[in-house]
Amino acid sequence: MSSTARRSTAPLIAVSVVVVLLVAVIGGELFVRQQIKSCLAGQLESELGSQVEVGLGLKPVLLSLVDKKVSSVTVDSDDARFGPAEGMVVHAEARDLNLTQTADSGGTIGSSSADISWSTDGITRTLQSQGIGAIVSGVTSDASAGTLDFAVGALANLTVKPQVADGRVDFQTVDASILGLGIPTDLVDSVVGVLTDSLQAYPLDMAPTSLAVTDSGIELTLEGGQYTIPVTQQDQNQPTPEGCSLVA
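Each residue is numbered by its place in its chain's sequence as written, counting from 1. Restriction of local features to residues with pLDDT of at least 70 applies here, the model being predicted, together with a cutoff of 80 or more for giving and counting side-chain atom pairs; totals for whole chains, interfaces and linings are based on all residues. The side-chain figures draw on all heavy atoms in the structure; neither hydrogens nor water molecules are used.

1. Things to note about the nonpolar core
To keep it simple, the criterion reads: By convention a nonpolar core is built from buried Ala, Val, Leu, Ile, Met, Phe, Trp, Tyr and Cys residues, the set being connected through side-chain atoms within 4.5 Å. Only protein chains enter the calculation, and the probe is 1.4 Å; a residue is then buried if its accessible area is under 20% of its type maximum, exposed if over 50%, and partly exposed in between. To qualify as a helix, a DSSP run of H or I must reach at least 4 residues; to qualify as a strand, a run of E must reach at least 2; elements of each kind are numbered from the N terminus. Any two residues having at least one pair of non-hydrogen atoms within 4.5 Å are treated as being in contact.
Counting 49 residues, the largest nonpolar core has M88, I123, F150, L199 and Y202 as the members making the most contacts within it. In terms of residues, this core owes the most to one element, helix α4 (residues 185–198), which gives six residues. Those residues within four positions of M88 in sequence are excluded, and the remaining contacts are S77, D78, D79, A80, F82, I116, S117, W118, S198 and L199.

2. Here we look at the pattern of salt bridges
What counts is decided by this rule: Any carboxyl oxygen of Asp or Glu within 4 Å of a side-chain nitrogen of Lys or Arg constitutes a salt bridge here.
In this structure the tally under the stated criterion is four salt bridges. Note that E93 and R95 form a salt bridge whose closest N and O atoms lie 3.6 Å from each other. One salt bridge connects D170 with R168, and the closest N-O pair in it is separated by 3.0 Å.

3. Overview of the side chain of S141
Filter applied, for reference: A 3.5 Å cut-off defines polar contacts: any pair of N or O atoms within that distance qualifies, except that in protein one atom must be a possible hydrogen donor and the other a possible acceptor, and neighbouring residues in sequence count only when both atoms are side-chain atoms.
The topology assignment puts S141 in strand β5 (residues 136–142). For S141, a relative accessible area of 17% puts it in the buried group. In terms of polar contacts, S141 uses its side chain to reach the backbone carbonyl oxygen of D215, at 3.2 Å. At 3.4 Å, the side chain of S141 forms a polar contact with the backbone nitrogen of G217.

4. Some points on helix α3 (residues 120–129)
Listed in full, the buried residues belonging to α3 are T120, G122, I123, T124, T126 and L127. Elements in contact with the buried residues of α3: β4 (108–119), β5, β6 (147–152), α4 and β11 (217–224). Following α3 by one or two positions, G131 adopts a phi angle in the positive range, close to 80°.

5. Some remarks on the side chain of T120
Secondary-structure assignment places T120 in helix α3. Filtering out sequence-adjacent residues up to four positions away, T120 remains in contact with V139, T140, S141, S216 and G217.

6. A closer look at unusual backbone geometry
The backbone of D96 sits at a positive phi, close to 55°, despite the residue not being glycine. Non-glycine residue D205 carries a positive phi angle of around 60°. Looking at the element boundaries, D205 is found in the loop between α4 and β10 (207–213).

7. Side note on the environment of V139
Mapping V139 onto the fold places it in strand β5. As for V139 and I123, which are separated by 16 residues in sequence, their C-alpha atoms are 7.4 Å apart. The residues contacting V139, other than those within four sequence positions of it, are T120, I123, T124, L127, D149 and F150.

8. A few points about the environment of L187
Looking at where L187 falls in the secondary structure, it is placed in helix α4. Note: C-alpha distance between L187 and L158 (29 residues apart in sequence) is 9.7 Å. Filtering out sequence-adjacent residues up to four positions away, L187 remains in contact with I132, I135 and V152.

9. Thoughts on α4
This is how it is decided: Expected span, for any helix, means 1.5 Å times one less than how many residues it has.
Taking 1.5 Å per residue, 14 residues should reach 20 Å; α4 reaches 20 Å between its end C-alpha atoms and fits that length. Buried within α4 are the following residues: L187, V188, V191, V192, V194, L195, T196 and S198.

10. A word on the pairing of β10
Regular strands have side chains that alternate between both faces of the sheet. This is how the line gets drawn: Note on pairing: two strands pair once DSSP finds at least 2 bridges between them.
When β10 meets β11, the two strands line up antiparallel, connected through six bridges. Note that in β11 the partner of A212 across the bridge is E219. The hairpin turn running from β10 into β11, its antiparallel successor, is three residues long.

As structure tokens, this is what we get:
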């Protein structure tokens, strides 16, 4: 081969090598990204009580195999469960993750936040699952008053006002009457108890910071600080989440 021919083919070979390397890097990035997402989803699903969609930050995850750190993770669930609650829609973000695992930790999270929507339909489903749905025939919300209204049978009405106080959600009974007479205390306590239990325990040790009643239900904001991810319990019924071996 002449020197002229060699000079003409050299750039093509260099370009080909670069293309092959780029394809390998991109393919590896996509594979590892999916594996880490699967690992985090498996670890966080137990926190939310439902399947979740996990999104990773912009940092190339191939670097995470080296330093075990992920800048941010978003978590979305359309049917999360906190305590007895059903039908909660959650969008959460965890920041500054360190995926280094130890005997006592599955990693750490620097901070977190979440926006929760709990519709009147989800509240109704929750009451029904707790055996109160046969008594409470419907739930509506009043955004202007900041209250939830429960139709008890055909004649009675229970109105409660949710609010955040001292890092927790409380429900104040505004009205509980049937034709001007009081609703039995046990029934009021049962409804308020289910609502309270549904909004007391949150994932990643987050706590409520604000709450608003909307025309469709409740909107709740949570904030959390340093959190240690629990070690995944390994047994025959709970295999190690897919992909976790890459960051172990």
